[in-house]
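# A look at the structure
So the chains spell out like this:
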Amino acid sequence: MAHRQSEAVIAGHICLDIIPTFKTSGEIRDILVPGKLVDVGRAVTATGGSVSNTGLSLFQLGVATSLMGKVGDDPFGEIILGLVRQRDPALVKGMIVAKGEQSSYTVVLNIPGMDRIFLHCPGANDTFRAADIDRRHLAGARLFHFGYPPLMKRMYEKDGRECAAIFRCAKRAGLTTSLDMAKPDPASAAGQAPWPRILAAALPYVDIFLPSIDEICYMLDRQRHDDLVARHGAAFQSRIDSDMLREIADRLLGLGTAIVAIKLGDQGLYVRTTRDAKRLRRLGACAPSKVEEWLSREIFTPCFLANLVGTTGSGDATIAGFLAAFLKGMSPLECAVAAVAVGACSVEVADATSGVPAWSVVQKRLRAGWKRLPFSLKLKGFNPDAEAVVWYGPGDRATGKTGATAHAK
């Protein structure tokens, strides 16, 4: 692909993913046994982390993208940069190579019938800081996305001072900003960090916040998260209701962000937007031309049926779908539908990004009448036979208003 000025700069966590292929399914206690030789197949080696997963997904959707992750000057770093250059040399123009540092890597155990297990070394991600952002690489871009601060030590230290500084820098450059999270190990320093304070510092400078329900429950209310897991297991998203989603979204909007999109796993995507027109006008380079279209919106859309092979990177692909539609100036409903559509494409392969097709292919699948997955969320005012629901304001919540899937022109 010929060089183009980047529309989107994707910064944050990047690593090398090593994904062994397991030949059989089973219980973890029967597979990972001390002293046992486990016969596995070919390993998929790919770049991972938000920078790679969201960035390359956007690139494959046709968005001119630049990656801004940090690697060491070691063999893993060379592999990461080489894999990205194979897609397009322009993608690495914002990458940071730190002398003497270890590049991050993750061994992903994606055993059939089980949730994934990650063996992760954070490496140079832990030293990423606001001073690493070269503003020359922001020039001309419209969107700045940052992903996985809980896996980057300086992002959660000192109440998230560095994280907030990064977003202030991007906003001063006039870009629209977005943020994705990752759930830390509860026993780690990141797991014990004061996430409500960190979010309070960063979200006034974050225009679009796209966490998963598991991540944001953990960060806003650890006790409620733990109670939900105790009652319903780790996949508790199927047991929540619209009241809980509204409560969480209202709290996040109150902290200063303008658009909240909560990923609900195989249940779908929930979107809530600010009631403050002035906040929407401060979205920067991607501010919608029709502010009223984004004002005080509430949307839920379920997932699409997919041939499930692996879920690695599916949340990042979902974010890429949302951001690609947003960059195209599409409506809130169109952005939500695009998000779950791209997420569904991504799970049809084992790695994080190769299942994401061109934007035109996604739209063709939508036009062909792509079937939806069933869901079990308790949503007030939602017609289970509809493809999506939009509440246009507090007065509409009793019945809801459904909208058909819309496509890019």
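As a reminder, the structure under discussion sits directly above these lines.
All figures in this text were calculated on a predicted structure; none of them were measured in a lab.

### Section: the environment of Ala336
Assignment of secondary structure puts Ala336 in helix H13 (residues 332-346). Residue classification places Ala336 among the buried residues on the basis of a relative accessible area of 0%. With 233 residues separating them in the primary sequence, Ala336 and Ser103 have C-alpha atoms 34 Å apart. Ala336 has contacts with Leu269, Val271, Ile299, Thr301 and Phe322, leaving out every residue within four places of it along the chain.

### Overview of the sheet that holds strand S7 (residues 117-121)
Across the sheet, four strands lie side by side as S3-S2-S6-S7; this open sheet has mixed pairing. For this open sheet the edge positions go to strand S3 (40-48) and S7, each flanked by a neighbour on one side alone. Adjacent strand axes in the sheet meet at a mean angle of 20 degrees when their direction is disregarded. Bridging between strand S6 (residues 105-109) and S7 involves five bridges; their strand directions are antiparallel. Opposite Leu109, over in S7, you have Ile117 as the bridge partner.

### Comments concerning the pattern of salt bridges
Applying the stated rule across the entire model yields 14 salt bridges. A salt bridge links Lys23 to Asp39, with the shortest nitrogen-to-oxygen separation between them at 3.3 Å. On the criterion of sequence distance, the pair formed by Lys23 in the loop between strand S2 (15-22) and helix H1 (28-31) and Asp39 in the loop between H1 and S3 is long-range, its members being 16 residues apart. With relative accessibility at 54%, the residue Lys23 sits in the exposed group.

### Some details on the packing of helix H12 (residues 314-327) against H13
Angle between the axes and distance between the axes are the two parameters that describe a pair of packed helices. Taken N-terminus to C-terminus, the directions of H12 and H13 make an angle of 145 degrees; their axes are 7 Å apart at the nearest point. Between H12 and H13 lies a crossing of right-handed hand. Contact residues: H12 offers Ser314, Ala317, Thr318, Gly321, Phe322, Ala325 and Phe326, while H13 offers Glu334, Cys335, Ala336, Ala338, Ala339, Val340, Val342, Gly343 and Ser346. Tallied by class, residues from the contact of H12 with H13 come to ten nonpolar, five polar and one charged.

What counts as what
Residues numbered from 1 in each chain as written. Predicted model: local features only at pLDDT ≥ 70, side-chain atom pairs only at ≥ 80, totals over all residues. Heavy atoms only, no water. Helix = DSSP H or I, 4+ residues; strand = E, 2+ residues; numbered from the N terminus. Buried < 20%, exposed > 50% of the residue type's maximum accessible area, 1.4 Å probe, protein only. Contact = heavy atoms within 4.5 Å. Pairing = 2+ DSSP bridges. Axes fitted to C-alpha atoms, helices over the stretch in contact; angles between N-to-C directions. Salt bridge = Lys/Arg side-chain N within 4 Å of Asp/Glu carboxyl O. Left-handed = near helix turned anticlockwise from the far one by under 90°. Nonpolar A, V, L, I, M, F, W, Y, C, P; charged D, E, K, R; others polar.

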